[in-house]
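Analysis of the macromolecular model
Listed below, chain by chain, are the residues.
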Amino acid sequence: MDPADETAIAPSHGRDLFSKFDALIAEREALLDTGVRDPFGLVMEQVLSPTRAIIKGKETILLGTYNYMGMTFDPDVVAAGKQALDDYGAGTTGSRVLNGTYQGHREVEEALKDYYGTAHAMVFSTGYQANLGLMATIAGKEDYIILDADSHASIYDGCALGNAQIVRFRHNSVEDLERRLKRLPPEGGRLVVLEGVYSMLGDIAPLKEMVEVAKRHGAMVVVDEAHGMGFFGEKGRGVFEEAGVEDQVDFVVGTFSKSVGTVGGFIVSNHPKFEVLRLVCRPYVFTASLPPSVVATAATSIRKLMHAGEKRAHLWENSRRLHQGLRELGFTLATPEPQSAIIAVLLADQQTTVLMWQALLEAGVYVNMARPPATPAGMYLLRCSLCAEHSREEVGRILEMFAAAGRATGVIA
């Protein structure tokens, strides 16, 4: 048999398991055949700062990262990672419950407890796994998880991994949340899952009203602050702090891959039985722990974020300026006012969105292109994620490039 002959190893019967993706493959090939770049295959050849990178040999402004507070190049954060790499090596090669807990893992959990003012903190290898672990573990088959229809994929996947009964309510609808809770039978526990900032449109949840409804119906509450940590609230804890519901939220889930500037996830809580999760949460028990250099950078960054008031103020200034500028140019935005560091530009269809994305990249600014199923059905958008390190000059240049790209593609007049 010639090993180069693909037919020699093709199955003689049965359906090709990849055939379910044929429509998507054809759609992608048709798009690339038009000559546009692959929006989901971009490579950063060199990263110069939190706001600049070399892409295809050209210096480009980064407006499509979640580096909200610009901590990736903070000198203290970088130095902590280098020192931990020297002192502890490249990795732990073990789970947190076996040999994978080093001093640095305890230190980052202490930093989180100080930051959030909670009794407990549990660090995961990614934010995805933090949601996966909590949703799959905390609610059993007699219980209910009530979640926003626009919840992140990690929340949905955690629900799928567990045995709880799942109830969805309309995005950000306090009324529909209450309606769903009222319909539930009195038996079983209830967990209401909310997000401070929803990552596609950059809109925030009405947490004050939603938490009040959840508590009135006997539910525990988890708030995912992945996109709110760092710059919402006086202490930067998130939207739940700004909404004044800290004492009513049972769990806060977050990530190190946004404002903290590295990678990892966490859950913080004041529940007296919380620590048992370390023994029963599969995405925690059966995953290798974060490398020592990563937890060292995270701990240092978190402690610096406690005193980042000026950065928070500048990030909000950037968000307001970009939002206003894009509206004045004639772009359609997902929110009438800037609600977070995410500003979503809505476009008519995939072809227009890709052409606009490419025109921006060629002009010198990188943004995220998003399409279903990451977005609601039929919605195509370019997502701009601002950074506290974006200068006033950079925001001005971004607006100039949007204007030129919008006119070149016919999106604006």
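To be clear, the structure that these remarks concern was listed above.
Residues numbered from 1 in each chain as written. Predicted model: local features only at pLDDT ≥ 70, side-chain atom pairs only at ≥ 80, totals over all residues. Heavy atoms only, no water.

1. Concerning the overall build of the protein
Scanning the protein for helices and strands turns up 14 helices and 15 strands. The C-alpha atoms of the protein give 22 Å as radius of gyration, which agrees with the globular expectation for 413 residues (22 Å, within 12%). Expressed as lengths along the three principal axes of its C-alpha atoms, the size of the protein is roughly 65 × 60 × 55 Å. For the protein, with 413 residues in total, the buried portion stands at 53%. With the model as given, the accessible surface of the protein reaches about 18800 Å², and the carbon-plus-sulfur share is 53%. When the 40 positive and 51 negative side-chain charges of the protein are each reduced to one mean point, those points stand 3 Å apart. (Helix = DSSP H or I, 4+ residues; strand = E, 2+ residues; numbered from the N terminus. Rg over C-alpha atoms; globule rule 2.2 N^0.38 Å. Buried < 20%, exposed > 50% of the residue type's maximum accessible area, 1.4 Å probe, protein only. Areas by Shrake-Rupley, 256 points an atom, 1.4 Å probe, with all protein chains shown as cover. Lys, Arg positive; Asp, Glu negative; His and termini not counted. Charge placed at Lys NZ, Arg CZ, Asp CG, Glu CD.)

2. Some thoughts on the nonpolar core
Formed by 92 residues in total, the largest nonpolar core has its most connected members in Phe256, Leu322 and Phe402. Sequence-distant contacts of Phe402, defined by excluding residues within four places in its chain, comprise Leu63, Leu326, Phe331, Val345, Met356, Leu360, Val367 and Cys384. (Core = buried A, V, L, I, M, F, W, Y, C linked by side-chain atoms within 4.5 Å. Contact = heavy atoms within 4.5 Å.)

3. Comments concerning the pairing of strand β9 (residues 251-255)
A large share of β9 lies buried, amounting to five of its five residues. Side chains Phe251, Val253 and Thr255 of β9 all project onto a buried face; the interleaved residues Val252 and Gly254 project onto the opposite face, where all are buried too. Relative to β9, strand β8 (residues 220-224) runs parallel, the two being bridged by three bridges. Residue pairing in the sheet places Val222 in a bridge with Phe251 of β9. Summarising the sheet, β9 and strand β10 (residues 265-269) pair through five bridges and their orientation is antiparallel. Note on β10: the bridge partner recorded for Thr255 is Gly265. (Pairing = 2+ DSSP bridges.)

4. Regarding the sheet that holds strand β4 (residues 120-124)
Read from one edge of the open sheet, seven strands run β4-β10-β9-β8-β7-β5-β6, paired in mixed fashion. Each end of this open sheet is capped by a strand with a single partner; those strands are β4 and β6 (165-169). Going across the sheet, the axis of each strand differs from the next one's by a mean of 20°, ignoring polarity. Here four bridges tie strand β5 (residues 144-148) to strand β7 (residues 190-195), and the two strands are oriented parallel to one another. In the sheet register, Ile146 faces β7, and the bridge partner there is Val192. Seen against the sheet, helix α3 (residues 103-116) touches β4, β9 and β10 and runs at an angle of roughly 130° to β4. Packing of helix α4 (residues 127-138) onto the sheet brings it into contact with β4, β5, β7, β8, β9 and β10, and relative to β9 it is tilted by some 155°. (Axes fitted to C-alpha atoms, helices over the stretch in contact; angles between N-to-C directions.)

5. Things to note about the sheet that holds strand β2 (residues 52-55)
Strands sit in the order β1-β2-β3-β13 across an open sheet of four strands; the sheet is mixed. Sheet topology places β1 (46-49) and β13 (365-366) at the edges, where each strand pairs with a single neighbour. Note: β2 against strand β3 (residues 58-62), four bridges, orientation antiparallel. Bridging across to β3, Ile55 finds its partner in Lys58. In the packing of helix α14 (residues 392-409) onto the sheet, contacts are made with β2, β3 and β13, and the angle to β3 comes to roughly 105°.

6. Looking at the packing of aromatic side chains
Summed over all chains, the structure comprises 14 aromatic pairs. An aromatic cluster is built from Tyr66, Tyr68, Phe231, Phe232 and Trp316, whose rings are joined through pairwise contacts. (Phe/Tyr/Trp six-rings, centres within 6.5 Å; stacked < 30°, edge-to-face > 60°.)

7. Points about the pattern of salt bridges
Once the charged atoms of two side chains with opposite charge are near each other, the side chains can pair. If you walk through the whole model with that rule in mind, you get 22 salt bridges. Here Lys311 ties to Glu389 by a salt bridge, and the two come within 3.2 Å at their closest N and O atoms. Note that Lys311 is positioned in helix α12 (residues 309-329) and Glu389 in the loop between β15 (380-385) and α14, a separation of 78 residues in sequence. A relative accessible area of 21% means that Lys311 is categorised as partly exposed. Salt bridges here are not isolated pairs; linked through shared partners, they connect Arg96, Arg106, Glu109, Glu275 and Arg278. (Salt bridge = Lys/Arg side-chain N within 4 Å of Asp/Glu carboxyl O.)

8. Describing the packing of helix α13 (residues 350-363) against α14
Two quantities define a packed helix pair, namely the angle between the axes and the distance from one axis to the other. Relative orientation of the contacting elements α13 and α14 amounts to 135°, with a least axis distance of 9 Å. Taken together, the axes of α13 and α14 are oblique relative to one another. In terms of crossing hand, the pair formed by α13 and α14 is right-handed. Contacts between α13 and α14 involve Leu355, Met356, Ala359, Leu360 and Ala363 from the former and Arg397, Met401, Phe402, Ala405, Gly406 and Thr409 from the latter. For the contact of α13 with α14, the residue count by class is eight nonpolar, two polar and one charged. (Parallel < 35°, antiparallel > 145°, perpendicular 65-115°, else oblique. Left-handed = near helix turned anticlockwise from the far one by under 90°. Nonpolar A, V, L, I, M, F, W, Y, C, P; charged D, E, K, R; others polar.)

9. Points about a nonpolar patch on the surface
Taken together, the side chains of Phe18, Phe21, Leu24 and Ile25 define a hydrophobic patch exposed on the protein surface, amounting to about 410 Å² of accessible area. As for its placement among the helices and strands, Phe21 is situated in the segment before α1 (22-33). (Patch = residues over 30% accessible without salt bridge, like charges linked within 9 Å, V, L, I, M, F, W, Y side chains within 5 Å.)

10. Examining the packing of α4 against helix α5 (residues 153-161)
It is at 7 Å that the axes of α4 and α5 come closest, and there the two elements cross at 35°. The two elements α4 and α5 cross, and the hand of that crossing is right-handed. In this structure, α4 contributes Tyr128, Asn131, Leu132, Met135 and Ala136 to the contact, and α5 contributes Ser154, Ile155, Asp157, Gly158, Cys159 and Leu161. Its residues assigned to classes, the contact of α4 with α5 shows seven nonpolar, three polar and one charged.

11. Some details on unusual backbone geometry
Here Thr93, not a glycine, exhibits a phi torsion of approximately 50°, which is positive. Tracing the backbone shows Thr93 in the loop between α2 (75-88) and α3. Classification of Thr93 as exposed rests on a relative accessible area of 76%. A positive phi is found at Asn172, a non-glycine position, where the angle reads about 60°. Residue placement: Asn172 occurs in the loop between β6 and α6 (174-183). Residue Asn172 is classed as buried on the basis of its relative accessible area of 19%.

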